[in-house]
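Chains, contacts and geometry: an overview
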Amino acid sequence: MACMKLGSKTDAFQRQGQAWFCTTGLPSDVTVEVEEMSFHLHKFPLLSRSGIMERLIAASEEGDEKCVINLPEIPGGAKTFELVAKFCYGVKLELTSSNVVYLRCAAEHLEMTEEYGESNLITQTETFLNQVALRNWKDSLKALQTCDGVLPYAEELQITKRCIESLATKACTDPNLFGWPIMEHGPMQSPGGSVLWNGISTGARPKNASSDWWYEDVSNLSLPLYKRLISVMECRGIREEIIAGSLAFYAKKYLPGLNRRQSASESSSRLIPMALAPLSEEDQKVLLEDIDRLLPMQKGLVGTKFLFGLLRTALILKASPSCLSNLEKRIGLQLDQATLEDLLMPSFSYSMETLYNVDCVQRILEHFLAMDQITGGASPCSVDDGQLIGSPSLTPITMVAKLIDGYLAEVAPDVNLKLPKFQALAASVPDYARPLDDGLYRAIDIYLKSHPWLSESDREQLCRLMDCQKLSLEACTHAAQNERLPLRIIVQVLFFEQLQLRTSIAGCFLVSENLDGSRQLRNGFAGSTEGGWATAVRENQVLKVGMDNMRMRVSELEQECSNMRQEIEKLGRSKGSSSSWGNVSKKFGFTMKSQMCSAQEGSVSNQNDGSLKSEKVKDRRGKHKKNLVRQE
C-alpha cells in the first residue's frame, strides 16, 4: 500500500490511560478533549497550523480558568486527532490510503490551510489522494471504504465521488492492457509485464485477468457505496452480464440463504468469502430488494438457480410484493432452464395449506407462456403434427411442459392440494407443448391414489386433462389395468391402444412386402449372396414373431372389449334401459374411430390375401418355366 511520511521530529507523545502527553520538557498549557480521550498539549503548535484552534484558544484565554477545548465532532475521532496533533508538532506522519480520508476531512474541519503554515495538512493529504491513492485500484478501494466513517465530510469534499469514478474507470478498462489491477508492478514483475527471476526477465507473461477480477474486492464495500459504484459502472457502459455477475457475487456473500441449496460443483468452482458481520433479517431484506432493483430485466444474465434462491429468500424475509413479482417475472423468462428441484419451493405462509408453493409456480408459468406468445412461440395452427416433436421453436415450451408434469407428480401426494389448483396448473400447459401425455398421466394417477375420496365425476373431470390418443403403448397398457381410473376412461384407453396395435400391424405388413420386393429385385438384377439371403431370412423371422405378438395382444384387447360390452349391457338392462352397444359407443364418442379401425383391419386382411395370391401366381409361373425347359 502506498504511503508517505511527513515531518522530521521523533515521536514525543506518550499515552497514559485515557490521556496523551507531549514530552517536550515544557508543561502543557491547553487540554483538548476528543471523545473519551484528553490531549495535554501546547497552544503555539496548534494555533500555528489550525484556524479553528486559533479561535478556540483565543476565546478560552479571556477567562481565568485553564484552557480546555472540546472537539466532539472532529472527523475520525480521537485516533485521527492524535495524528493531527503529531503533524502540528512536526512528528513523522505516515500517510496511507487507510488514514488519508480521515486526515483530509479533519484538516478541512480544523481549517488547516496554507494561510496557517506552508505545506499544511490539507495540501499534503490532497496531494496524496490525487497522485497516489487514486492512481491504483487497491488504494482507491481502501480510501472509498474509509469514507463510510466520515461520509458527510467526504461527500462535501467529493472524495467519495472521486474514488468511485477512479474505480469505475479501472473496472471498465481491460486490465491486461496495463498489467494491473490487483498486484500492480510487484517485486517479481517488470514494468513491461513479464515475470522476473532474480531481476532477469524470463519472457513469461502473467496470467490474463478475467472480466470478474474485481467482484470480490468491491463486495467488501457497504451497500450504499456499492450501489453507487454499480450505477456509475452502468453509466460508463460496462456490459450488463458483468454487472449482473457482480450483483450475484455480492448477494451470495451477504445472504446466507442463497448458499444453502448450492450444489457441490458450484461451491467448489469459486469460493465466496462470507461477510465478517452477518446482516440482520431487516438488512438482508433491504439488500435483496436493492439487488432486485439493480439487476437488469434480461434473460440469461444470471443463473436460474440463483434467481430461485433469491425468490425463496424473499419469501422467507417477506420482501415487498413488487420484489416478489419481479423475481417471478425474471424466472418466467428462463423457466426452460430450471430444474425440478428449483420448482419445489416450500410454502412459507402461516396457513400452510399446501406443502409446496403451487401458486407461485402457477404465476411463473403464466409469465413464461405470456413471453412465449410475445416472442412468437409455436401454436397448434402453425405446426403440423408430424413436425411437433422435432420443431426447434417448440424446444423451450416442450421442456417446460415436461418440467411441469414432473412438478405435478411431486406435489400430487399432498393431501391438502385441492383439485381445482392441481387442474389449473396442469391445464395451463398448452396441448401442443406435450408430444406425449405419459408424464401427465403419471401425475394424475398419483393424485388419484393420494386422494381416494374423490367422487366419480371429479375423477372423470381430472382425467379429461389428458388425451388418450397421446399415450404410449406402455402407458396404455398400464392405464387399461388401472382400477383408479373411471370406466369411461379405461374404455377409451383400450380402444386407442387397439387402434395403435392395428396400425402397427398394418405397418409391419407393408414393411414385409417392401422387403420381399427388394429381395426379388436383388435376385433378379444383382444376384444376392448367400450371407445376405440368410440375413433377410432372419429379419423376416423377427418380423413374423413381432406380428404374432401383436396379433395376440389384439385378440386380448378384443376379448376385454367384449367382456366390457357384456358388462355395460347388463348394467343397462338392470336400469331398465334398452340401450345397445351402439348407443354406448355413441355415448363414449368413438363410433367413427371404431369403423376406421375395422376398415383398417379389412385393408390388412386384403393385403394378406393379395400377398398370398401373388405368391401362388409366382409358383405357377415357376412350374410352367420348368416344364418348358424339360420339353426342350
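Residues numbered from 1 in each chain as written. Predicted model: local features only at pLDDT ≥ 70, side-chain atom pairs only at ≥ 80, totals over all residues. Heavy atoms only, no water.

This paragraph deals with the overall build of the chain. Per the secondary structure count, the chain includes 26 helices and nine strands. A buried classification covers 43% of the 632 residues belonging to the chain. Taking all contacts inside the chain whose residues are at least 6 apart in sequence as the whole, residues at least 24 apart take part in 70%. Carbon and sulfur atoms make up 54% of the accessible area of the chain, which amounts to about 34200 Å² in all. (Helix = DSSP H or I, 4+ residues; strand = E, 2+ residues; numbered from the N terminus. Buried < 20%, exposed > 50% of the residue type's maximum accessible area, 1.4 Å probe, protein only. Contact = heavy atoms within 4.5 Å. Areas by Shrake-Rupley, 256 points an atom, 1.4 Å probe, with all protein chains shown as cover.)

Before going further, it helps to examine the pattern of salt bridges. Where charged atoms from two side chains of opposite charge come close, those side chains can pair. Taken as a whole and assessed by the stated rule, the structure comprises 20 salt bridges. Here Glu165 makes a salt bridge to Arg236, at a shortest N to O gap of 2.3 Å. With Glu165 in helix α8 (residues 159-172) and Arg236 in the loop between α10 (223-235) and α11 (240-254), this pair connects stretches of sequence that are 71 residues apart. A residue is classified by how much of its surface remains accessible, and Arg236, at 39% relative accessible area, is partly exposed. The closest approach of N and O atoms between Arg363 and Glu328, which form a salt bridge, is 3.0 Å. (Salt bridge = Lys/Arg side-chain N within 4 Å of Asp/Glu carboxyl O.)

This paragraph deals with empty space enclosed by the protein. One pass over the structure, following the stated rule, counts one cavity of 30 Å³ or more. Looking at the largest cavity, its volume works out to about 60 Å³. Around the largest cavity sit Leu295, Pro296, Gln298, Leu301, Val302, Leu307, Arg330 and Gln334, which together line it. Grouping the constituent residues of the lining of the largest cavity by class yields five nonpolar, two polar and one charged. (1 Å grid on protein atoms, 1.4 Å probe; cavity = no way out; pocket = protein on both sides within 12 Å on 5 of 7 lines; lining within 4 Å. Points joined across faces, edges and corners; volume = space filled by probe spheres on them. Nonpolar A, V, L, I, M, F, W, Y, C, P; charged D, E, K, R; others polar.)

Mapping Arg459 onto the fold places it in helix α21 (residues 456-463). A sequence separation of 40 residues divides Arg459 from Leu419, and the C-alpha atoms of the two residues are 9.7 Å apart. Excluding anything up to four places from it in sequence, Arg459 contacts Leu448, His451, Pro452, Leu454, Arg484 and Pro486.

Time to look at the environment of Val491. Turning to its location among the elements, Val491 is positioned in helix α23 (residues 487-526). Spatially, the C-alpha atoms of Val491 and Ala480 are 7.8 Å apart, while their sequence positions differ by eleven residues.

This paragraph deals with the packing of aromatic side chains. Using the criterion set out here, one finds seven aromatic pairs in the structure. With 5.0 Å between their ring centres and 70 degrees between their planes, Phe39 and Phe81 make a pair best called edge-to-face. Note that Phe39 is positioned in strand β5 (residues 37-41) and Phe81 in helix α3 (residues 77-88), a separation of 42 residues in sequence. Since its relative accessible area comes to 1%, Phe81 is described here as buried. By way of ring pairs, the aromatic residues Trp214, Tyr215 and Phe249 are connected into one cluster. (Phe/Tyr/Trp six-rings, centres within 6.5 Å; stacked < 30°, edge-to-face > 60°.)

Before going further, it helps to spend a moment on the nonpolar core. Ranked by size, the top nonpolar core spans 157 residues in total, and within it Val32, Leu41, Trp214, Leu310 and Leu335 carry the most contacts. With sequence-adjacent residues up to four places away left out, Leu335 is seen in contact with Leu343, Ile364, Leu365, Phe368, Val400 and Leu403. (Core = buried A, V, L, I, M, F, W, Y, C linked by side-chain atoms within 4.5 Å.)

Turning to the confidence of the model for the chain, a few remarks are in order. On average, residues of the chain carry a pLDDT of 77, and 67% of them reach 70 or more. Of all helices and strands in the chain, the one with the weakest mean pLDDT is helix α26 (residues 591-631) (42), whereas helix α4 (residues 100-109) scores best (96). In the predicted structure, residues 263-276 sits below a pLDDT of 50 and forms 15 contacts with residues beyond four places in sequence or in another chain. Considering only residues more than four positions removed or in separate chains, one finds that residues 577-618, a stretch of pLDDT under 50, has 34 contacts. (pLDDT = per-residue confidence, 0-100.)

This part takes up the pairing of strand β2 (residues 13-16). Here β2 pairs with strand β3 (residues 19-22) via four bridges, running antiparallel. When the sheet's bridge partners are listed, Phe13 is paired in β3 with Cys22. Hairpin connection from β2 to β3: two residues lie between these consecutive antiparallel strands, with Gly17 at a positive phi of about 65 degrees. (Pairing = 2+ DSSP bridges.)

Moving on, we come to unusual backbone geometry. If a residue is not glycine, its phi is most likely negative; likewise, a peptide bond is most likely trans. Although it is not a glycine, Glu35 adopts a positive phi angle of roughly 55 degrees. Examined against the element boundaries, Glu35 turns out to sit in the loop between β4 (30-34) and β5. Overall, Glu35 belongs to the exposed group, its relative accessible area being 59%. Phi is positive for Gln158, which is not a glycine, with a value near 60 degrees. Secondary-structure assignment places Gln158 in the loop between α7 (151-156) and α8.

Another aspect to go through is the sheet that holds β3. Spatial ordering of the open sheet is given by β2-β3-β5-β4-β6, a layout of five strands whose pairing is mixed. If you trace the sheet from one side to the other, it starts and ends with β2 and β6 (68-70), each paired once. Put simply, the sheet's adjacent strands are angled 20 degrees from each other on average, direction ignored. Bridging between β4 and β6 involves three bridges; their strand directions are parallel. Opposite Thr31, over in β6, you have Val68 as the bridge partner. Contacts from α3 reach β2, β3, β4 and β5, with the element oriented near 10 degrees to β5. (Axes fitted to C-alpha atoms, helices over the stretch in contact; angles between N-to-C directions.)

The next thing to look at is α4. Buried residues dominate α4, accounting for seven of its ten residues. The set of residues buried in α4 consists of Val100, Val101, Leu103, Arg104, Cys105, Ala106 and Ala107. A positive phi of about 60 degrees marks Glu111, the residue just after α4.

Take the packing of helix α19 (residues 419-428) against helix α20 (residues 438-450) next. At a closest axis distance of 12 Å, the pairing of α19 and α20 adopts a crossing angle of 175 degrees. Our classification of the angle between α19 and α20 gives roughly antiparallel. The segment α19 lies against α20, with Leu419, Phe422 and Ala426 engaging Leu440, Ala443, Ile444 and Tyr447. Of the residues belonging to the contact of α19 with α20, the class tally is seven nonpolar, no polar and no charged. (Parallel < 35°, antiparallel > 145°, perpendicular 65-115°, else oblique.)

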